[in-house]
Amino acid sequence: MFNLFMTFLKIGLCSIGGGYAIIPIIQQQVVLNQGWISEKVFTDIITISQMTPGPLAVNTSTFVGIQIAGIPGAIAATVGCILCGILISTLLYEFFKKYKHSKYIFEILKSLKATSLGLIVSAAFTILLLTFFGTSTLNSYIHGDLLAMMVFGAALFLLRKYKVNPILMMSLCGMVGLLIYM
Amino acid sequence: MKEKIRFYLWLCYINLFISTFTFGGGYVVIPMIQKYFIEQKNLFSEEELMEMAAVAQSSPGAIAINLTILAGKRTAGWIGILISGICSILPPIIILSFISTWYVAFSNNLYIAAILKGMQAGVAALIVDLIMDMYKMILEEKSVLLNLFVPAAFIANAFFNINVMLILLVSSFISVVFLFMQSVVGRRQEHV
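Here the residue numbering is sequential within each chain, running from 1 through the sequence in written order. Going through the entries in the order they are written, you letter the chains from A and number the ligands from 1. The predicted nature of this model means local features are confined to residues of pLDDT at least 70 and side-chain atom pairs, given and counted, to a pLDDT of 80 or more, with totals for whole chains, interfaces and linings taken over all residues. Side-chain measures here rest on the full set of heavy atoms in the structure, leaving out hydrogens and waters.

(A) Layout of the overall build of chain B. A tally of helices and strands in chain B yields eight helices and zero strands. Put simply, DSSP marks the helices as runs of H or I at least four residues long and the strands as runs of E at least two long, and each gets a number from the N terminus on. Sequence-ordered secondary structure for chain B, helices as α and strands as β, is α-α-α-α-α-α-α-α. When we talk radius of gyration, it's over C-alpha atoms, and the globule rule is simply 2.2 Å times the number of residues to the 0.38. Its C-alpha atoms give chain B a radius of gyration of 20 Å, more than 25% over the compact-globule value 16 Å for 192 residues. Taking the principal axes of its C-alpha atoms as reference, chain B extends roughly 75 × 50 × 25 Å. The proportion of buried residues among the 192 residues of chain B is 55%. Note that accessible areas follow from Shrake-Rupley with a 1.4 Å probe, and for residues the cover is restricted to the protein chains shown. Summing over all exposed atoms, chain B offers an accessible surface of approximately 9,100 Å²; the carbon and sulfur share of this is 69%. We call a residue buried when its accessible area falls under 20% of the maximum for its residue type, exposed when it is over 50%, and partly exposed in between, using a 1.4 Å probe and counting protein chains only.

(B) Spotlight on the overall build of chain A. Tallying secondary structure elements over chain A gives seven helices and zero strands in all. Counting helices and strands in the order they occur from the N terminus, chain A gives α-α-α-α-α-α-α. Taken along the three principal axes of its C-alpha coordinates, chain A extends 50 × 50 × 35 Å. Residue contacts are defined here by distance: any two heavy atoms, one from each residue, within 4.5 Å place the two residues in contact. Sequence-distant contacts in chain A: of pairs separated by 6 or more residues, those separated by 24 or more amount to 40%. Approximately 8,200 Å² of chain A is accessible, and the part contributed by carbon and sulfur atoms is 69%.

(C) Summary view of the interface of chain B and chain A. Listed by partner, the interface residues are 96 residues for chain B and 87 residues for chain A. The buried area of a pairing is the accessible area, by a 1.4 Å probe, that goes missing from both parts when the two are put together, added over both. Summing the contributions of chain B and of chain A, the shared interface buries around 8,700 Å²; its carbon and sulfur component is 77%. On the chain B side of the contact with chain A, Pro60(B), Leu96(B) and Tyr103(B) bury the most area, a combined 8% of that side's loss. What counts as a salt bridge is simple: a side-chain nitrogen of Lys or Arg found within 4 Å of a carboxyl oxygen of Asp or Glu. Linking chain B with chain A are four salt bridges, by the criterion used here. Ionic pairing is found between Glu94(A) and Lys73(B), a salt bridge with its closest N-O pair at 3.0 Å.

(D) Highlighting the pattern of salt bridges. All names here are of chain B. Applying the stated criterion across every chain, the model contains eight salt bridges over all chains. Between Asp129 and Lys35 there is a salt bridge whose closest N-O contact spans 3.0 Å. Of the two residues, Asp129 sits in helix H6 (residues 110-140) while Lys35 sits in helix H2 (residues 29-40), which places them 94 residues apart along the sequence. Each member of the pair, Asp129 together with Lys35, is buried.

(E) View of the side chain of Thr68(B). Residues and elements named next belong to chain B. By the element assignment, Thr68 lies in helix H4 (residues 63-99). Judged by its relative accessible area of 4%, Thr68 is buried. Polar contacts, as counted here, are pairs of nitrogen or oxygen atoms within 3.5 Å of one another; within protein the pair requires one atom able to donate a hydrogen and one able to accept it, and residues that are adjacent in sequence qualify only if both atoms are side-chain atoms. In terms of polar contacts, Thr68 uses its side chain to reach the backbone carbonyl oxygen of Ile65, at 2.9 Å. Setting aside anything within four residues of it in sequence, one finds Thr68 in contact with Asn15, Val29, Ile33, Ser84 and Ser88.

(F) Structural context of H4(B). Residues and elements named next belong to chain B. Here a helix's expected span is defined as the number of its residues, less one, multiplied by 1.5 Å. Spanning 37 residues, H4 covers only 24 Å between terminal C-alpha atoms, well under the ideal 54 Å at 1.5 Å per step. A residue's bend is given by the angle between axes fitted to the 7 residues ending at it and the 7 residues starting at it. The largest bend in H4 comes to about 145 degrees, at Ala76. Burial analysis of H4 places 26 of its 37 residues in the buried class, the great majority of the element.

(G) Focus on the packing of aromatic side chains. To pair, rings of Phe, Tyr and Trp, with the six-membered ring standing in for Trp, must have centres within 6.5 Å; the planes then decide the type, stacked if under 30 degrees apart, edge-to-face if over 60, and tilted in the middle. Enumeration according to the criterion identifies 11 aromatic pairs over all chains in this entry. Judged by centre distance (5.4 Å) and plane angle (80 degrees), the ring pair of Phe132(A) and Phe152(A) falls under edge-to-face. You can see Phe132(A) sitting in helix H5 (residues 103-133) and its partner Phe152(A) sitting in helix H6 (residues 146-162), a full 20 residues away along the chain. For Phe132(A), a relative accessible area of 12% puts it in the buried group. Aromatic pair Trp10(B) and Phe37(B): ring centres 5.2 Å apart, planes at 65 degrees, arrangement edge-to-face. Of the two residues, Trp10(B) sits in helix H1 (residues 2-20) while Phe37(B) sits in helix H2, which places them 27 residues apart along the sequence. Relative accessible area serves as the criterion here: at 12%, Trp10(B) is assigned to the buried category. Judged by its relative accessible area of 1%, Phe37(B) is buried.

(H) Highlighting the environment of Ser89(A). Assignment of secondary structure puts Ser89(A) in helix H4 (residues 56-98). When the C-alpha atoms of Ser89(A) and Arg160(A) are compared, they prove to be 31 Å apart, with 71 residues separating the residues in sequence. Ignoring sequence-local partners within four residues, the contact set of Ser89(A) consists of Val55(B), Ser59(B), Asn66(B) and Leu70(B). A polar contact is formed between the side chain of Ser89(A) and the backbone oxygen of Gly85(A), at a distance of 2.7 Å.

(I) Broad picture of the confidence of the model for chain B. Along the chain, pLDDT gives the predictor's confidence residue by residue, from 0 to 100. Of the residues in chain B, 96% reach a pLDDT of 70 or more, and the chain-wide mean stands at 84. As scored by the predictor, the complex reaches a pTM of 0.79 and an ipTM of 0.78.

(J) Structural context of the environment of Gly174(A). Inspection of the secondary structure puts Gly174(A) in helix H7 (residues 166-181). In contact with Gly174(A), not counting residues within four places along its chain, are Ile115(B), Gly118(B) and Met119(B).

(K) Molecular detail of helix H3 (residues 46-58) of chain B. Residue and element names in this part refer to chain B. In a regular helix each residue adds 1.5 Å, so 13 residues correspond to 18 Å; H3 covers 18 Å between its end C-alpha atoms and thus fits that length. Counting buried residues along H3, 11 of its 13 residues qualify, which places the element largely inside the surrounding structure. Where H3 is concerned, the buried positions are Glu48, Leu49, Met50, Glu51, Met52, Ala53, Ala54, Val55, Ala56, Gln57 and Ser58.

Here's what the structure looks like:
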């Protein structure tokens, strides 16, 4: 159990850039180095983690933890995975707040904001490709999903114009999906 | 005191809710926090949310968790960190411990796949909506450099798969060099 916690602590520390960056590191540690689960099970875990609510990194570590040592394993793995991030981001935020009056730190923070927005755009781009073309790679899109584009357009319109509550929005989209894809 | 407890309960409930409805990666948490913490409750500014998002992305681990922790810390201090942390990992642990026993059946279920496909379009709309709001703020800075960072980071990440850490480091470095050069030029003009 301690080993599980330490492994995920390492995983959490080594991964910058969120869910999709964490997956290859988990794979390397858990499948190749420790041999806790097989490649096949790992692929299933990723699929399920994407389908279930919650951040991808948390889902994947929870699932791996359950497979190895049940619910206590899930808690050990998840806490290990998020601990470094929590500590570092809290300290970093305090640091920026404290030195905001320094011209250089302020400038760095501003550039980080712009860059991180660029990274968010990149994540949105991946999700849009997946939604419209069912693929996240650029080379194989021929059949665009027109219905998905319409759902997306309607949802965006409602959000911009009426500032609809996001959870209501998600539930609505889920229902529309059930209606049009069944 | 009563106010405080009421706020802690709200924080607990909102984190459980956000975590339960976050599909597909941590980025959806950013618009969720924008809607509930800023538009509904006015707890901090959009500017601060962008700072938090930048810090959450520059730190290791799950971006979604880092961000909810920062929002918790900002609004309720150390207790806020504890509440946000526990409440945002609880739903995935509970849901996955149920699903893990029959996950093959779950992943092959057509109804679930249809619902998820609809939700994916919703997630995309939420993120695009957020990007529009945030981009407006970058434009207001009226800085050519900052305006270039957004597409540059996007292209570097989406088309060239460049490591996120590297992108963040390079852009901070460029901005520091830029500021340094500006101050040198400024000083020279003073001398003239």
